[in-house]
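# Observations on the three-dimensional arrangement
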Amino acid sequence: MPLSAVRVARDRAEIAAALALREEVFCAEQGVTLEADRDGLDEQAIHVVALDGGVVGTCRVVFDAPGLARLGRLCVRRDARGRGLAGALLAEAERQATAAGARRMVLHAQTSALGLYRRAGYEAEGEPFDEEGIEHLRMARRLD
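First, a word on what this report is: a plain description of the structure on this page. Residue numbers here run from 1 along each chain, matching the order of that chain's written sequence. Under the rules for a predicted model, residues below a pLDDT of 70 receive no local features and side-chain atom pairs below 80 are neither given nor counted, while totals for whole chains, interfaces and linings still include all residues. Calculation of side-chain values draws on the structure's entire complement of heavy atoms; hydrogens and water are dropped beforehand.

## Considering the overall build of the protein chain
Keep this limit in mind: Only DSSP runs of H or I with at least four residues qualify as helices, and only runs of E with at least two residues qualify as strands; both kinds are numbered from the N terminus onward. Restricting the calculation to C-alpha atoms gives the radius of gyration, and the globule rule supplies 2.2 Å times the number of residues raised to the power 0.38. Contacts are assigned to residue pairs that have any heavy atoms within 4.5 Å of one another. Where accessible areas are quoted, they stem from the Shrake-Rupley method and a 1.4 Å probe; at the residue level, only the protein chains shown are allowed to cover. Counting rule applied: Lys, Arg positive; Asp, Glu negative; His and chain ends not counted. A charge is said to be at NZ when it belongs to Lys, at CZ for Arg, at CG for Asp and at CD for Glu.
In terms of regular secondary structure, the protein chain is built from four helices and eight strands. Shown N-terminal to C-terminal, the secondary structure of the protein chain runs as helices and strands in the order β-α-α-β-β-β-α-β-α-β-β-β. The globule rule puts the C-alpha radius of gyration for 144 residues at 15 Å, and the 14 Å found for the protein chain is close to it. The dimensions of the protein chain, computed from C-alpha atoms along their principal axes, are 35 × 35 × 30 Å. In the protein chain, once contacts between residues fewer than 6 apart in sequence are set aside, the share between residues at least 24 apart is 59%. With an accessible surface of roughly 7,400 Å², the protein chain has 50% of that area assigned to carbon and sulfur atoms. Distance between charge centres in the protein chain, computed from 20 positive and 23 negative side chains, equals 5 Å.

Following this line, the structure appears as structure tokens:
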């Protein structure tokens, strides 16, 4: 089935669907607590969604400082994986961050997803660390 769109969430209903997807993937599948996922930054974030009859993928961008964006909460519904949606979400998040003036994007990558970020030009910064019981690595790249 073709993907209908990867774009910024247009309304509260799409953001609510993105939050529900995060709960399904991060909390139910990976054991992250809901409190850890809902960290208080969603109101200020740009939410990107992949749509295919509903929200099947999402990520968010927050701005930590002028020129610095942080990608987070990238996930794809289990039955929609393997179709390139994570890469499409990442690319759209980068476009949105660049349009908002960011020159650099940072993220905490689950080590199982390092290939996605490396293919997109991200480089490791530091050593792996534990975040909510899952090994992560800080990565970054210039957005120009």
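## A closer look at a negative patch on the surface
Which entries qualify depends on this criterion: Each patch is assembled from residues with relative accessible area greater than 30% and no salt bridge, linking like charges that lie within 9 Å and nonpolar side chains (Val, Leu, Ile, Met, Phe, Trp, Tyr) that lie within 5 Å. Basic side-chain nitrogens of Lys or Arg form a salt bridge, by our definition, when they fall within 4 Å of a carboxyl oxygen of Asp or Glu. Think of it in three bands: residues with accessible area under 20% of the maximum for their type are buried, residues over 50% are exposed, and the middle band is partly exposed, with areas taken using a 1.4 Å probe on protein chains only.
Together, Asp130, Glu131, Glu132 and Glu135 line one region of the surface with negative charge. By the element assignment, Glu132 lies in the loop between strand S7 (129-131) and strand S8 (134-142). Look at Glu132 and you get partly exposed, because its relative accessible area is 40%.

## Regarding unusual backbone geometry
Phi at Arg73 takes a positive value of approximately 60 degrees, unusual for a residue other than glycine. Structurally, Arg73 can be placed in strand S4 (residues 68-76). Despite not being glycine, Glu132 has its phi angle at roughly 55 degrees, a positive value.

## Quick notes on the pairing of strand S3 (residues 55-65)
Stated formally: Two strands pair if DSSP finds at least two bridges between them.
By the criterion of burial, S3 is predominantly enclosed, with eight of the eleven residues buried. Sheet analysis places strand S2 (residues 46-51) next to S3, joined by six bridges and oriented antiparallel. When the bridges of S3 are listed, Ala50 appears paired with Gly57. Where S2 folds back on S3, the antiparallel hairpin that results is connected by three residues, among which Gly53 adopts a positive phi of roughly 75 degrees. Adjacent in sequence and paired antiparallel, S3 and S4 are bridged by two residues, among which Gly67 carries a positive phi angle near 85 degrees.

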